[in-house]
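# Commentary on secondary and tertiary structure
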Amino acid sequence: MSLNSINKHLLNASQLAYGCMGLGGGWNTNPITSENIIQARLIIDVALEAGINVFDHADIYTFSKAEMVFGEILKQHPSLRESMYIQSKCGIRFEDESGPGRYDFSAEWVTQSVNGSLRRLHTEKLDVLLLHRPDPLVELDELASSLNALRKDGKFDYLGVSNMNHHQISFLQSALDMPIIANQIEMSLAKLDWLNEGVMVGTPGYQNNDYASGTLEYCRLNGIQLQAWGCLARGMFSESGLHSDHENVRVTTEYIMTLCEKYQVPSEVIVLSFLLRHPANIQPVIGTTNIERIKACATAPEITLTREEWYSLFVKARGHALP
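These remarks concern the structure in this document. All values reported here derive from a predicted model rather than from experimental measurement. (Residues numbered from 1 in each chain as written. Predicted model: local features only at pLDDT ≥ 70, side-chain atom pairs only at ≥ 80, totals over all residues. Heavy atoms only, no water.)

### A look at the overall build of the chain
What the chain contains, in helices and strands, is 11 helices and 10 strands. Over its C-alpha trace the chain gives a radius of gyration of 20 Å, about what one expects of a compact globule, namely 20 Å for 323 residues. Dimensions of the chain, computed from the C-alpha atoms along their principal axes, are close to 50 × 45 × 40 Å. For the chain, buried positions account for 52% of its 323 residues. In the chain, 75% of the contacts between residues at least 6 apart in sequence involve partners at least 24 apart. Charged side chains of the chain number 26 positive and 37 negative; the gap between the two group centres comes to 2 Å. (Helix = DSSP H or I, 4+ residues; strand = E, 2+ residues; numbered from the N terminus. Rg over C-alpha atoms; globule rule 2.2 N^0.38 Å. Buried < 20%, exposed > 50% of the residue type's maximum accessible area, 1.4 Å probe, protein only. Contact = heavy atoms within 4.5 Å. Lys, Arg positive; Asp, Glu negative; His and termini not counted. Charge placed at Lys NZ, Arg CZ, Asp CG, Glu CD.)

In structure tokens form, the structure reads like this:
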């Protein structure tokens, strides 16, 4: 594990995290059911048995039901808490009578959100609190004061962010007396701007990406764990990718199938191995609720792609030769 690993802070944290967005019965207002609880318990058990001990939440996932159903498991089996790390995110607000869907880093909302997550999860603290998306109206000193107070009260141990560039992280860090240890962003074979930004320097089209230049390097230099959401590319490169309307998806999927044959693994392992091969020590956050896929994904750290295999995946997925 490299020095910018989250393991510096969370000892023995797994290389993969399990994303809990699919728990709780869906994005609706239906109450959680016994079937939802049974599903969550099975997934937790399978993940832990497979060596995945980091569980990723957000206060908004399935309208808070993901935290609720997870919390029911911890309420019934409190000893499980000792075997896992829990992180949750706050800062996104849905449309309501007061306004549109928006982001809120006010002290009142952050405090309310963290306390709500702790209550729903039936835990005294979060191992990591992530700020979900940048709030343009953030009052930096106000946010820093609220975070310092929450941490002093034992509500969370470590702070991270999500969907932020290095300028935003640096700005936030300037007001804090605690390190920012993680940045969760979308990274996958289907979302390659985090790589294209680097290889396209000095090339026409260099600015045609949505990844802020220098973010990857800033995180590596400052010991900030890069966590990859959307890491499985929503199944784009599974067998269905062979029939995609997009040539680069078809070609990439065909190549993935040859690697599956070589390494004797399912396609999701190759897709994750692409991220894990990068020296930034990326931590993929898998969100599948399929038990067999969870087990398969957990084996991805056992596969090390060659440089040529990694570059072949990169070039085929981007659909263009490197400059």
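### A short note on the side chain of Q283
Structurally, Q283 is set in strand β10 (residues 283-286). Within the structure, Q283 has its side chain in polar contact with the backbone oxygen of S14 (distance 2.8 Å). Polar contacts involving the side chain of Q283 include one to the side chain of Q227, which spans 2.8 Å. Those residues in contact with Q283, other than ones at most four positions away along the chain, are I6, S14, Q15, L16, A17, V54, Q225, L226, Q227 and A228. (Polar contact = N/O pair within 3.5 Å; in protein donor to acceptor, adjacent residues only side chain to side chain.)

### A few points about the layout of surface pockets
Of the pockets and cavities examined, the largest pocket occupies roughly 690 Å³. If you go around the largest pocket, you meet 32 residues; those closest to its centre are M21, G230, C231, V285 and G287. Mapped onto the lining of the largest pocket, the elements with two or more residues apiece are α9 (267-276) and β10. (1 Å grid on protein atoms, 1.4 Å probe; cavity = no way out; pocket = protein on both sides within 12 Å on 5 of 7 lines; lining within 4 Å. Points joined across faces, edges and corners; volume = space filled by probe spheres on them.)

### With respect to helix α5 (residues 166-173)
For α5, the complete set of buried residues consists of H166, I169 and L172. With its buried residues spanning 125° around the axis, α5 presents them on a single face. Of the surrounding elements, those touching the buried residues of α5 are β6 (126-131), α4 (140-152), β7 (156-162), β8 (180-186) and α7 (215-221). At the N-terminal end of α5, a side-chain oxygen is found 3.0 Å from the backbone nitrogen of H167, two or three residues along, and the residue is N165. (Arc of directions from axis to C-beta.)

### A closer look at the packing of aromatic side chains
Under the counting rule described, the total for this entry stands at 8 aromatic pairs. Geometrically, the ring pair formed by W27 and F94 is edge-to-face, given 6.5 Å between the ring centres and 90° between the ring planes. With W27 in the loop between β1 (17-19) and α1 (34-49) and F94 in the loop between β4 (92-93) and β5 (102-103), the pair connects residues that are 67 residues apart, well separated along the chain. Aromatic pair W310 and Y311: ring centres 5.0 Å apart, planes at 85°, arrangement edge-to-face. For W310, a relative accessible area of 9% corresponds to the buried category. Clustering of aromatic rings is evident, with ring pairs tying together F274, W310, Y311 and F314. Sitting above the plane of the W109 ring, R93 keeps its charged end 3.8 Å from the centroid. The ring of Y255 carries K316 above its face, with NZ or CZ at 5.4 Å from the centroid. (Phe/Tyr/Trp six-rings, centres within 6.5 Å; stacked < 30°, edge-to-face > 60°. Lys NZ or Arg CZ within 6 Å of the ring centre and 35° of its normal.)

### Let's talk about the pattern of salt bridges
Using the criterion set out here, one finds 11 salt bridges in the structure. Between R41 and D45 there is a salt bridge, with its nearest N and O atoms 3.0 Å apart. In this pair, R41 and D45 are both assigned in helix α1, 4 residues apart and thus about one turn of the helix distant. We classify D45 as partly exposed; its relative accessible area is 28%. (Salt bridge = Lys/Arg side-chain N within 4 Å of Asp/Glu carboxyl O.)

### Focus on the nonpolar core
Membership of the largest hydrophobic core comes to 93 residues, with the highest contact counts inside it found for F70, L131, L147, F274 and I286. The element that contributes the greatest number of residues to this core is α9, accounting for 7 residues. In contact with L131, not counting residues within four places along its chain, are C90, F105, L143, L147, L159, G160, V161, S162, M164 and L172. Within the second largest apolar cluster, 11 residues are counted, among which are I6, A13, I181 and V285. (Core = buried A, V, L, I, M, F, W, Y, C linked by side-chain atoms within 4.5 Å.)

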